[in-house]
Amino acid sequence: MAQAMVKFCVCLLLLLAAAAAVAEGAAKKPKKVKCKDKKYPNCYHKDLYCPTSCLRTCVVNCASCKSVCIPPPPPPPPPPPPPPKRRGSPPPKRRGSPPPPSAPPPYPHPPPPPSPSTTPLPSPPPPPPPPISTTPLPPPPPPASRQSSSTAPKRVMCKNKYYSHCYLMEQYCPIACPDRCEIDCVKCSPVCNCNMPGAVCQDPRFIGGDGITFYFHGEKDRDFCIVSDSNLHINAHFIGKRNQNMKRDFTWVQSLGILFDTHQLFIGAKKTATWDDRLDRLELVFDGEPIFIPNEEGFKWQPEISPRGVSVTMMQNTNSVEIEVEGNFKIKASVVPITEKESRVHNYDITSEDCFAHLDLNFKFYSLSNNVSGVLGQTYGSTYVSRAKLGVPMPILGGEKEFASSHLFATDCAVARFRGRFPSGDDDFSDKFEYANLNCAGRSDGHGVVCKR
C-alpha cells in the first residue's frame, strides 16, 4: 500500500512540473505581428514573431519585412487648461442653482425675486477677476517644445540592400554625436563619424583603414602629407598650442589641400574667437576660385564647366559639408571648436582670443593602389603593418620628417606618389585595390576592422 502511495505522489509531482513548464513556455511565447501596409505586398499580412529581446513589444518594419523592437512612444503633452467660464449676472430666478460666490450669507430658503435696484449692485464686480487670473497661464509650453526639437538627435538608416536585417531601419545618432553619425549595417547600430575607419578628429586621432586607432601630432603651423597615391594627394595643415609641461605641441587639422587629376581643392576652418553654431566658419576654394554655398542643409554645389562628378553638399545649415569626386574619394568635414570643458580636461589652456576651430574629418576612398602612402593612406595598403605601439592608452605614430610637405599643395614629401592620373598596366604599382564595394566596420575599441564585399 505504501509503495502505491509513493508511486501516486511521484506521478502527481511530474504532472505538476509538466504543467508549470507549459505555463512558463506559454508566458514566454513571442507575440505574433503583421505588416498592415498594402504598399509592401511581399510582406503584407505575413505572420512574424517578436525577437527574443522584446517578446511582447515589437512592430513590423514593412520595408525589410522584419519584426523590430522599438522604444515606447513618449507620453503626450499635457492638455492646455480649459478656458475660463464667463460668469454673467447671478440668476436669481433659478431656485435650484447655488448662490453666487459674491453672496456670502447662506439663506435657509431661496432668495426673494430682485424687486429693488440695490440687490444686483454687488454682483457686477465679481465677473472681471476670473479672466485676469487665467489668461497668463497658456504661454509657457511653446518654448519647451522648441527647445526639445532643436536638440533632437539626427535620424539615420542603413541603405545597403545586402544587409536585409537592417535595411531602411531608422535609428537615432548617439548622444556623443547627435548630428554626425552613420549606421554600421553589419552591427545595425549608429556609429559616430569620428569612430569609423578613415576618421581624423581631435588632437589628431586617426583610425586607419585597418581599423587601428593611433595619434599623429606633427607640429603646429606645418603641413603634412596624410594621403598620397597616383591620382590623389592630400596635405593637412596643423594648428596648435605649446604646452610648457610637455615636449610636443597640442595640434589639430585646420585645413586640407587636395590634388586630383589637374585640379586643386581647398577646405579650411576660419579662425574664430568666440564660437557660435549659427555662423558658418567653412572656407572652400576650387581651382583658385572661392566656392559660395547657401547656408541650407542639402544644397549641392557642382562646377559649371568641368570636371564632372565633383560635388560639395551641405550636411547641415552651417559648418558641415560632404565633398565627393566620383570614383576617387568622399570626405565628410565639420568645423568644430575646442570647448571650455575640453580645454579644462586636457589642459589645452585655450583663451578667449582663439577657440582653435578645426576640422573633424571622415574619409572614404573608392580606388587606391597598394602603393598608397601618407599618415592615413598607408594604412590602406594590403601589406601594411602598424608602426604605432599598441596596447597603450595613446599609441603614437612618428615620422614627422617622412610626411612633412613644404606647403599645402606641395607633393614633395618623402613618400609622395602623386602623378595626376590613375595607375595603368605599365606602372610599377598598378596592383589596384577597390574600396568602393566594401562595407567596413571598426570595432568599438579601435583595434581591428571587418570588411565585406
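For the structure, see preceding data.
Criteria and cut-off values
- Residues numbered from 1 in each chain as written.
- Predicted model: local features only at pLDDT ≥ 70, side-chain atom pairs only at ≥ 80, totals over all residues.
- Heavy atoms only, no water.
- Salt bridge = Lys/Arg side-chain N within 4 Å of Asp/Glu carboxyl O.
- Buried < 20%, exposed > 50% of the residue type's maximum accessible area, 1.4 Å probe, protein only.
- Core = buried A, V, L, I, M, F, W, Y, C linked by side-chain atoms within 4.5 Å.
- Phe/Tyr/Trp six-rings, centres within 6.5 Å; stacked < 30°, edge-to-face > 60°.
- Helix = DSSP H or I, 4+ residues; strand = E, 2+ residues; numbered from the N terminus.
- Patch = residues over 30% accessible without salt bridge, like charges linked within 9 Å, V, L, I, M, F, W, Y side chains within 5 Å.
- Areas by Shrake-Rupley, 256 points an atom, 1.4 Å probe, with all protein chains shown as cover.
- Pairing = 2+ DSSP bridges.
- Contact = heavy atoms within 4.5 Å.
- Disulfide = S-S within 2.5 Å.

1. Examining the pattern of salt bridges
Then comes step 1: Considering all chains together, one arrives at eight salt bridges under this definition.
Then comes step 2: The partner of Asp249 in a salt bridge is Arg242, with the nearest N and O atoms 2.9 Å apart.
Then comes step 3: The exposure class assigned to Asp249 is buried, which follows from its relative accessible area of 7%.
Then comes step 4: Taking relative accessible area as the criterion, Arg242 reaches 39% and is therefore assigned partly exposed.
Then comes step 5: A salt bridge links Asp276 to Arg278; its shortest N-O distance comes to 3.0 Å.
Then comes step 6: Taking relative accessible area as the criterion, Asp276 reaches 23% and is therefore assigned partly exposed.

2. Some details on the nonpolar core
Then comes step 1: Counting residues in each nonpolar core, the largest one holds 52 residues, and the members touching the most others are Ile234, Leu256, Phe363 and Phe365.
Then comes step 2: Counting 13 residues, the second largest nonpolar core, distinct from the first, contains Val68, Val156, Cys158 and Cys173.

3. Here we look at the packing of aromatic side chains
Then comes step 1: Under the defined criterion, the tally for this structure stands at 13 aromatic pairs.
Then comes step 2: Geometrically, the ring pair formed by Phe216 and Phe238 is edge-to-face, given 6.1 Å between the ring centres and 80° between the ring planes. A residue pair is termed long-range when its members are at least 10 positions apart, and Phe216 in the loop between strand 11 (213-215) and strand 12 (222-229) and Phe238 in strand 13 (residues 232-242) qualify at 22 residues.
Then comes step 3: Members of the aromatic cluster, each reached through a chain of ring pairs, are Phe206, Phe214, Phe216, Phe224, Phe238 and Phe403.

4. Observations regarding unusual backbone geometry
Then comes step 1: At His45, a residue that is not glycine, the phi angle is positive and equals roughly 60°.
Then comes step 2: Turning to its location among the elements, His45 is positioned in the loop between strand 1 (32-33) and strand 2 (48-49).
Then comes step 3: By relative accessible area, which is 44% here, His45 ends up partly exposed.
Then comes step 4: Of note, Asn319 is a non-glycine position whose phi angle comes to about 65°, a positive value.

5. Structural notes on a nonpolar patch on the surface
Then comes step 1: A cluster of nonpolar side chains, namely Phe8, Leu12, Leu13 and Leu16, defines an oily patch on the protein surface of about 440 Å² accessible area.
Then comes step 2: Positionally, Leu16 belongs in helix 1 (residues 2-27).

6. Details of the sheet that holds strand 9 (residues 199-201)
Then comes step 1: Spatially, the eight strands line up as an open sheet ordered 11-10-9-22-21-20-19-18, and their pairing is antiparallel. Looking at which strands have only one partner, the edges of the open sheet turn out to be strand 11 and strand 18 (300-301).
Then comes step 2: Judged from the two bridges that link them, strand 9 and strand 22 (residues 358-365) form a sheet pairing that is antiparallel. Residue pairing for strand 22: Val200 is matched across the bridge by Leu361.

7. Regarding the sheet that holds strand 24 (residues 404-405)
Then comes step 1: Read from one edge of the open sheet, seven strands run 17-16-15-14-13-12-24, paired in antiparallel fashion. Each of the sheet's edge strands pairs with one partner strand only, and the pair in question is strand 17 (289-290) and strand 24.
Then comes step 2: Where strand 16 (residues 282-286) and strand 17 come together, two bridges link them in antiparallel fashion. When the sheet's bridge partners are listed, Phe286 is paired in strand 17 with Glu289.

8. Observations regarding the environment of Gln264
Then comes step 1: Relative to the helices and strands, Gln264 resides in strand 15 (residues 263-269).
Then comes step 2: Measuring from C-alpha to C-alpha, the distance between Gln264 and Ile234 comes to 9.9 Å, with 30 residues separating the pair along the chain.
Then comes step 3: In contact with Gln264, not counting residues within four places along its chain, are Ile258, Leu259, Val285, Phe286, Asp287 and Phe409.

9. Points about the state of the cysteines
Then comes step 1: According to the stated counting rule, one finds nine disulfides in the structure shown.
Then comes step 2: In this model Cys158 forms its disulfide with Cys185; the gap between the sulfur atoms is 2.1 Å. On the sign convention where negative is left-handed, the bridge of Cys158 and Cys185, at about 115° about the S-S bond, is right-handed. Taken together, the residues Cys158 in the loop between strand 5 (155-157) and strand 6 (170-172) and Cys185 in the loop between strand 7 (181-184) and strand 8 (189-192) connect sequence positions 27 residues apart. With respect to burial, Cys158 and Cys185 carry one shared label: buried.
Then comes step 3: Just so you know, Cys225 is unpaired, no disulfide at all, and the nearest cysteine sulfur is the one on Cys413, 3.5 Å from it.

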